[in-house]
Amino acid sequence: MRVLVSGGAGYIGSHTVVQLVAAGHDVVIVDSFANSKPAVIGRLEALTGTHLPVHAFDLTDRDKTERLFADESFDAVIHFAGLKAVGESAQIPLEYYENNLDSTFSLVRAMRRHGVKLLVFSSSATVYGDHAPLPFREDYAPLVSTSPYGRTKVMNEHVLTDVAHADPTLRIGILRYFNPVGAHPSGTIGEDPQGIPNNLLPFIAQVAIGRRDKLVVFGDDYPTEDGTCERDYIHVEDLAAGHVAALTKLASTEEPVSVWNLGVGQGTSVLAMLHAFERAVGRELPYEIGPRRAGDQARSWADPAKANAELNWRTVKTIDDVCVDTWRWQSANPTGYED
């Protein structure tokens, strides 16, 4: 298939591009580079051994989006593009609603006008909110979220579901990610957060490389095995494989909308992740226990049984794999991608 990957230069998008090409798909990237670097493209071409056409614009530009679909033919779209920082979304909510919703509206309008029937949408476990029972299952309702970022995912899921039911020719796959971590085993591409990392593993990696003084663990008195929060951390390579599997499934299903959790199915605590990273680097890393952070849940993990059964997909990477691959990436790229 010829696949348009929006946000294809980003963290998850770039890893998915590599696996799409490996699976025999023809990939085109559209990316505004608001949260990514153009340097990624050369690395992707080196990894895949192929030229990757890139369109550098924001999907909220309806005219440019329409022109792209008018000029080129696509069989499917994987939609990663969007603003993604939970904390930032509370500070600039209007920008998050505008960008994350308008980009989807623009994309789906162009798809429908030009007969593109398959869409894989990048959603999030944040749609389960604070009250869903563990493990999180795709049939839980109602979907809620505690952040503007998460609410844009909830809204997009509702929009795509309504559109698919109104147009029976569409096939939409909604993938709810848990906590993507890790890097390509080559160390060539990985997570490159801008500013202070919002997520645990890149912060630990920056402590290990010397960019941060220490890790602050937000609370050690939660009802978990070691008192620190537990999350379902999924290697980005496993996550990318889930997108390829979802695309294959959409091409043969009769369901207008399918929802799949992409997670491991068990939690790893903050301290367990820290100690796994210490094993990867071969030394202890500085940390201290701080107060709890507002809004943090004690535990969160997926029930991935539906994706296991329907996509013939399951995770294969361990937490130690995650840390080894992340350290390889961070060691080779101490300040991330060059500008």
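From a predicted model like this one, the values you see are computed outputs, not experimental measurements.

1. Thoughts on the UniProt feature "domain: NAD-dependent epimerase/dehydratase" (unreviewed entry) in the chain
The UniProt record annotates "domain: NAD-dependent epimerase/dehydratase" (unreviewed entry) at residues 3-263. From the first C-alpha to the last, residues 3-263 spans 24 Å; its make-up is 39% helix and 18% strand.

2. With respect to the packing of aromatic side chains
Any two aromatic rings considered together are summarised by their centre-to-centre distance and by the angle between their planes. The full count for this structure, using the stated rule, is seven aromatic pairs. Taken together, the ring pairs connect Tyr128, Phe136, Tyr140 and Phe178 into an aromatic cluster. Above the plane of the ring of tyrosine 222 lies arginine 292, whose end atom (NZ or CZ) is 3.9 Å from the centre.

3. Let's talk about the sheet that holds strand S12 (residues 268-269)
Hydrogen bonds along the backbone pair up the strands of a sheet, which may run parallel or antiparallel. What the three strands build is an open sheet, ordered S12-S9-S14; its pairing is mixed. Two strands lie at the open edges of the sheet, namely S12 and strand S14 (299-300), each paired on one side alone. Where strand S9 (residues 230-231) meets S14, two bridges bridge the pair, whose relative direction is parallel. Following the sheet pairing, arginine 231 is matched in S14 by serine 300.

4. A few points about the pairing of strand S1 (residues 2-6)
In terms of burial, S1 is largely enclosed, as four of its five residues are buried. With helix H1 (residues 11-22) bridging S1 and the parallel strand S2 (residues 26-30), this β-α-β connection has right-handed handedness. Note that S1 and strand S4 (residues 76-79) share four bridges and pair parallel. Pairing of valine 5 across the sheet is with isoleucine 78, part of S4.

5. Examining the nonpolar core
Ranked by size, the top nonpolar core spans 40 residues in total, and within it Leu20, Val27 and Leu44 carry the most contacts. The element best represented in this core is helix H8 (residues 236-250), accounting for seven residues. Those residues in contact with leucine 20 that lie beyond four places of it in its chain are Val3, Val5, His25, Val27, Ile78, Val244 and Leu247. In terms of nonpolar packing, the next biggest core, distinct from the first, is built from 25 residues, Val181, Phe203, Leu215 and Trp327 among them.

Rules behind the numbers
- Residues numbered from 1 in each chain as written.
- Predicted model: local features only at pLDDT ≥ 70, side-chain atom pairs only at ≥ 80, totals over all residues.
- Heavy atoms only, no water.
- UniProt positions renumbered as here; feature names shortened; annotations may be inferred.
- Helix = DSSP H or I, 4+ residues; strand = E, 2+ residues; numbered from the N terminus.
- Phe/Tyr/Trp six-rings, centres within 6.5 Å; stacked < 30°, edge-to-face > 60°.
- Lys NZ or Arg CZ within 6 Å of the ring centre and 35° of its normal.
- Pairing = 2+ DSSP bridges.
- Buried < 20%, exposed > 50% of the residue type's maximum accessible area, 1.4 Å probe, protein only.
- Right-handed = clockwise from strand over helix to strand, strands pointing away.
- Core = buried A, V, L, I, M, F, W, Y, C linked by side-chain atoms within 4.5 Å.
- Contact = heavy atoms within 4.5 Å.

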